[in-house]
Amino acid sequence: MQARLRWMTAGLWVSACGPLPPESETAGEQTSTATSATTGDPTEPVTTGPTTSTSETTGTSGPPPECQSDADCGGFCEYCVEGECYDAIGCCGVVPNPQGELELRCQGYECYADDECDDGYFCEAEPGWCQLIDPIPVCERQPLMLSAIPLQGSPSAVALADLDGDAALDLVAVLPDTGQVEVMLGDGLGEFAPGQLIPTELGPGSQRLAIADFDGNGSPDLAITQHSPVGELSLVFGEDAVFAAPVKESIGTNPTHLWTGDFDGDGAPDLLTRSDDPSQPIALRLGDGMGGFGETLGAPALSGVTFAAAVGAVGGEATRADLVTAGAGEQQLGVFELVPGLGLEPVQQIGLTSDEPPTSLVVGEVDGDGAPDVVGHWAPGFDLLTIWSLAQASPTLRVEGPVQLGPVADVDGDGAGDLVTGSSAAMRVIFVAGGTCVQSHPLPGEAAPALLASGDVDGDGKADVLAGAADQPELTLLRSGP
């Protein structure tokens, strides 16, 4: 870049010639309304054209002149020519930046740092112009074989867990239309036995699933919620994949999400729901380790606000689950922990790098450092991802096409988790560690997050993926084993 500097004794002032904006932004027919901008003293700044248009010099009626002198123009490098203000490209001065700090800035540049560009753009050259982030490249890092698993109904949620204690993952699918769950025992080689149907005594509608050993007998149990005003909860206790009659409980109102984790650190799994009821958006019931649950606790700070949520151990204690939120009326991530007698309270805030908060979150280790990360997704016209590792945000990633965040699982066996995502008629895996890229596989329908599950079903040490679609009475198994 060529530059000419002019210093004046009456305060710091610089005039410099800088690079022109990208061709796509400056090319095309231009009207010469100020010939003095391109002639005369070569050290004078170059004007680019009027910022507004008047008819002052044409002799026709119109608005009054925009300016009488340079002082009437708003920019630090604007000039008044024949009643109109013109920008000068390359003119520099010490002025406040967007954060209010004084620094040397030059007219004609769009940005000086990435955070001065809209979401999804970065500042090229710094100073320079805002450019759209390149999308994550497509790859075929881990070949996956697809096979169909028929079900006895259309599922609303799926999960993988070792129900019978044989070290092989089994399949659980919630069938809301019939008020049942279908259990299919796995053989550890990628195959599943015909399903058995277990009643939940819940009516039709949106239902969610969580699996943990709630009664402490060493075998996983099932918790299923119903989206209803009373927050119906069906507990199905199991022992070696033999299940008792359901026990009906309640949790929150109109639950839309269900998680299990140890929020109080006592070693017993608890249940937490997210609701679409703004007066009680979070409901937490602490498990006693014997199949019972305490009174409902909430998160008072989240009442009446809009937010995205996920659960994971991000607050520093690996044995305790935390609630992570985005939005909640703040331009930051919030980490909530259980405070006895009060419920879930904010204990940490993590800054955002975007203009908008993420609209969905997931927690899992994706960058290979062994610590849980927070992944956020939002779509201001195109789909963007940000990963927070140890409370520090990485550069924003752009994904071609829509994204719905699913589980984090090590699909390629490199020791780091990968993002399993749903989209329109496809399941995609986004690999982060070892070079970011995305691998896509077609599906018969749209895979929502509740219809994505992952785990090693064939014993090859790599996570396989189960994907379902709404109104489809089958699942697709994507696995890497033989």
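Refer to the preceding data block for the structure.
Residues numbered from 1 in each chain as written. Predicted model: local features only at pLDDT ≥ 70, side-chain atom pairs only at ≥ 80, totals over all residues. Heavy atoms only, no water.

Peer 1: Explain the overall build of the protein to me, please; I cannot follow it from the model alone.
Peer 2: Of the regular secondary structure elements, the protein holds one helix and 38 strands. Of all intrachain contacts in the protein linking residues separated by at least 6 positions in sequence, the fraction that spans at least 24 positions is 42%. Summed over all atoms, the accessible surface of the protein reaches about 21500 Å², with 52% contributed by carbon and sulfur. (Helix = DSSP H or I, 4+ residues; strand = E, 2+ residues; numbered from the N terminus. Contact = heavy atoms within 4.5 Å. Areas by Shrake-Rupley, 256 points an atom, 1.4 Å probe, with all protein chains shown as cover.)

Peer 1: Honestly, unusual backbone geometry in this entry has me stumped. Any pointers?
Peer 2: Leave glycine aside and you will find that most residues have negative phi; peptide bonds, for their part, are mostly trans. One non-glycine residue, Glu 82, lies in the positive phi region at around 50 degrees. Positive phi, close to 70 degrees, is recorded for Ala 241, a residue that is not glycine. Inspection of the secondary structure assignment puts Ala 241 in the loop between strand E17 (238-239) and strand E18 (242-243). Given a relative accessible area of 6%, Ala 241 falls into the buried group. (Buried < 20%, exposed > 50% of the residue type's maximum accessible area, 1.4 Å probe, protein only.)

Peer 1: Help me out: how do you make sense of the state of the cysteines in this one?
Peer 2: Joining two cysteines, a disulfide is a covalent bond between their sulfur atoms. Following the criterion strictly, the structure yields five disulfides and no others. Disulfide pairing places Cys 139 opposite Cys 437 at an S-S distance of 2.2 Å. What sets the handedness of the Cys 139 and Cys 437 disulfide is the S-S torsion sign, and at about 65 degrees it is right-handed. Within this pair, whereas Cys 139 is found in the loop between strand E8 (129-132) and strand E9 (145-150), its partner Cys 437 is found in strand E35 (residues 437-442), the two being separated by 298 residues in sequence. The class of Cys 139 is buried, set by a relative accessible area of 18%. (Disulfide = S-S within 2.5 Å.)

Peer 1: I tried to follow the pattern of salt bridges on my own but got confused; where do I start?
Peer 2: Any two side chains of opposite charge can pair if their charged atoms end up close together. For the coordinates displayed, the defined rule picks out four salt bridges. Across the pair Asp 412 and Arg 141 runs a salt bridge whose closest N-O atoms are separated by 3.5 Å. In this pair, Asp 412 is assigned in the loop between strand E32 (404-409) and strand E33 (418-423) and Arg 141 in the loop between E8 and E9, connecting sequence segments 271 residues apart. A relative accessible area of 12% places Asp 412 in the buried class. Given a relative accessible area of 28%, Arg 141 falls into the partly exposed group. A salt bridge links Glu 249 to Arg 285, with the nearest nitrogen and oxygen atoms 3.1 Å apart. Note that Glu 249 is positioned in strand E19 (residues 247-250) and Arg 285 in strand E22 (residues 282-285), a separation of 36 residues in sequence. When its relative accessible area of 10% is taken as the criterion, Arg 285 is described as buried. (Salt bridge = Lys/Arg side-chain N within 4 Å of Asp/Glu carboxyl O.)

Peer 1: Sorry if this is basic, but what is going on with the side chain of Thr 421 here?
Peer 2: Following the sequence through the fold, Thr 421 ends up in strand E33. In this structure Thr 421 comes out as buried when scored by relative accessible area, which is 0%. Those residues in contact with Thr 421, other than ones at most four positions away along the chain, are Val 403, Gln 404, Leu 405, Gly 406, Ala 426, Met 427, Arg 428, Ile 430 and Leu 452.

Peer 1: In this structure, what is going on with the side chain of Asp 221? I would like to understand it.
Peer 2: Tracing the chain through its elements places Asp 221 in strand E15 (residues 221-226). Buried and unpaired, Asp 221 has Arg 285 as its nearest opposite-charge partner, separated by 15 Å. Of note is the side chain of Asp 221, whose polar atom sits 2.8 Å from the backbone nitrogen of Phe 214. The residues touching Asp 221, leaving out its near neighbours within four places in the chain, are Ala 210, Ile 211, Ala 212, Asp 213, Phe 214, Asp 215, Val 236, Phe 237 and Gly 238. (Lys, Arg positive; Asp, Glu negative; His and termini not counted. Polar contact = N/O pair within 3.5 Å; in protein donor to acceptor, adjacent residues only side chain to side chain.)

Keep in mind that these numbers describe shape and distance, not what the molecule does.
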